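Descriptive analysis of the structure
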Amino acid sequence: MYREIDKPAYTRREYITGIPGSKIAQHQMGDREIDTDEYPVQISLVVDETVQLRHGSLEAARLSANRHLIKELGENNYTMILRKFPHQVLRENKQATGAGADRVSDGMRQSFGKIVGTAARIQKGERLFTAWCDVEQADAIKEAYRRAYNKITPPCRIDVERGQDLLIA
């Protein structure tokens, strides 16, 4: 219902009241202290379609990927970031249903809508997640991304941005 980007941006939080909080618990996972240049491999999850992703699905994807990485690699053996934040405020014109609904509802009169959540607008080719790891950990990162993109709607691909030659050898 909120997948397509069909309305102008509605993000000015200083003018909007009643925005529910984001479900995203954290954007940086793994070892935050180490510099990412020290890892030889950088892998990203790239979205292949322009889409809006609700904050609940972003958190579900992040959680499934991070749980897999903690189980396989340990807490501090990788670094992963979620690159998008749900700025877009979503509205819905709720319709009454059931007996007598025609007397209660206003139809399309004053149909601006109540706020129901937030979403991140992601353009085609943008990176959603990026992880840095050692060469032998790359397969675990790819499996974590596979689990993550099963939680979101657009088609995705896994790009090895740094260290491709190390993975082939």
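Look up a bit, the structure's there.
Worth saying up front: this structure is predicted, and the values here are computed from it rather than measured. (Residues numbered from 1 in each chain as written. Predicted model: local features only at pLDDT ≥ 70, side-chain atom pairs only at ≥ 80, totals over all residues. Heavy atoms only, no water.)

1. Examining the pattern of salt bridges
As a reminder of what qualifies: Only one rule defines a salt bridge in this text: a Lys or Arg side-chain nitrogen within 4 Å of an Asp or Glu carboxyl oxygen. Counting from the N terminus, the helices are DSSP H or I runs at least four residues long and the strands are E runs at least two residues long. Residue exposure (1.4 Å probe, protein chains only): buried if accessible area is under 20% of the type maximum, exposed if over 50%, otherwise partly exposed.
Taken as a whole, this structure holds 10 salt bridges when the rule is applied. A salt bridge links Glu-161 to Arg-127, with the shortest nitrogen-to-oxygen separation between them at 3.0 Å. Pair noted here: Glu-161 is in strand 8 (residues 156–162) and Arg-127 is in strand 7 (residues 127–133), with a separation of 34 residues, a long-range link. A salt bridge links Glu-143 to Arg-147; its shortest N-O distance comes to 3.0 Å. Taken together, the positions of Glu-143 and Arg-147, both in helix 3 (residues 138–149) and four residues apart, correspond to about one turn of that helix. Using a relative accessible area of 33% as the deciding quantity, one classes Arg-147 as partly exposed.

2. Overview of the sheet that holds strand 3 (residues 51–54)
For the record, the criterion: A pair of strands is treated as paired once DSSP finds two or more bridges between them. All axes here are fitted lines through C-alpha atoms, helices being fitted over the stretch that makes contact, and every angle between N-to-C directions spans 0 to 180 degrees.
In space, the three strands of this open sheet follow the order 3-6-5, with antiparallel pairing throughout. The open sheet is flanked by strand 3 and strand 5 (88–92), the only strands paired with a single partner. Between one strand and the next, the sheet's axes are offset by a mean angle of 50°, whatever the strand orientation. Two elements, strand 5 and strand 6 (residues 114–122), share five bridges in a ladder whose sense is antiparallel. Considered in strand 6, the bridge of Arg-91 is made with Ile-115.

3. Structural notes on the nonpolar core
Keep this limit in mind: Only buried residues count toward a nonpolar core. Its members are Ala, Val, Leu, Ile, Met, Phe, Trp, Tyr and Cys residues joined through side-chain atoms within 4.5 Å.
Judged by nonpolar contacts, the single largest core of 31 residues is most densely connected at Met-80, Leu-128, Phe-129, Ile-141 and Tyr-145. Breaking this core down by element, the ones donating at least two residues are strand 2 (41–47), strand 3, helix 1 (55–73), strand 4 (79–82), strand 6, strand 7, helix 3 and strand 8.

4. As for helix 3
Rule in force here: Take the number of residues in a helix, subtract one, and multiply by 1.5 Å to get its expected span. As used here, the arc is the angular range of directions from the helix axis to the C-beta atoms. In what follows, residue pairs with any heavy atoms lying within 4.5 Å of each other are defined as contacts.
Over its 12 residues, helix 3 runs 17 Å from end to end, which matches the ideal 16 Å to within 8%, given 1.5 Å per residue. Considered for burial, the residues of helix 3 that qualify are Ala-138, Ala-140, Ile-141, Ala-144, Tyr-145 and Ala-148. For helix 3, the arc enclosing every buried residue in end-on projection is 160°, short of the 170-degree limit, so these residues lie on one face. In this fold, the buried residues of helix 3 make contact with strand 2, helix 1, strand 4, strand 7, strand 8 and helix 4 (164–168).

5. Here's the deal with helix 1
Along its 19 residues, helix 1 runs 26 Å from first to last C-alpha, staying within 8% of the 27 Å computed at 1.5 Å per residue. In this fold, the buried residues of helix 1 make contact with strand 1 (28–30), strand 3, strand 4, strand 6, strand 7 and helix 3. Within two residues after helix 1, Gly-74 carries a phi angle of roughly 95°, on the positive side.

6. A short note on the pairing of strand 4
On any regular strand, side chains alternate: one points to one face of the sheet, the next to the other face. Going residue by residue along strand 4, you find Thr-79 and Ile-81 tucked away on one face and Met-80 and Leu-82 tucked away on the opposite face as well. Looking at chain direction, strand 1 and strand 4 are connected through three bridges and run antiparallel. Bridged to Gly-30 within strand 4 is Thr-79. Looking at chain direction, strand 4 and strand 7 are connected through four bridges and run antiparallel. When the bridges of strand 7 are listed, Ile-81 appears paired with Thr-130.

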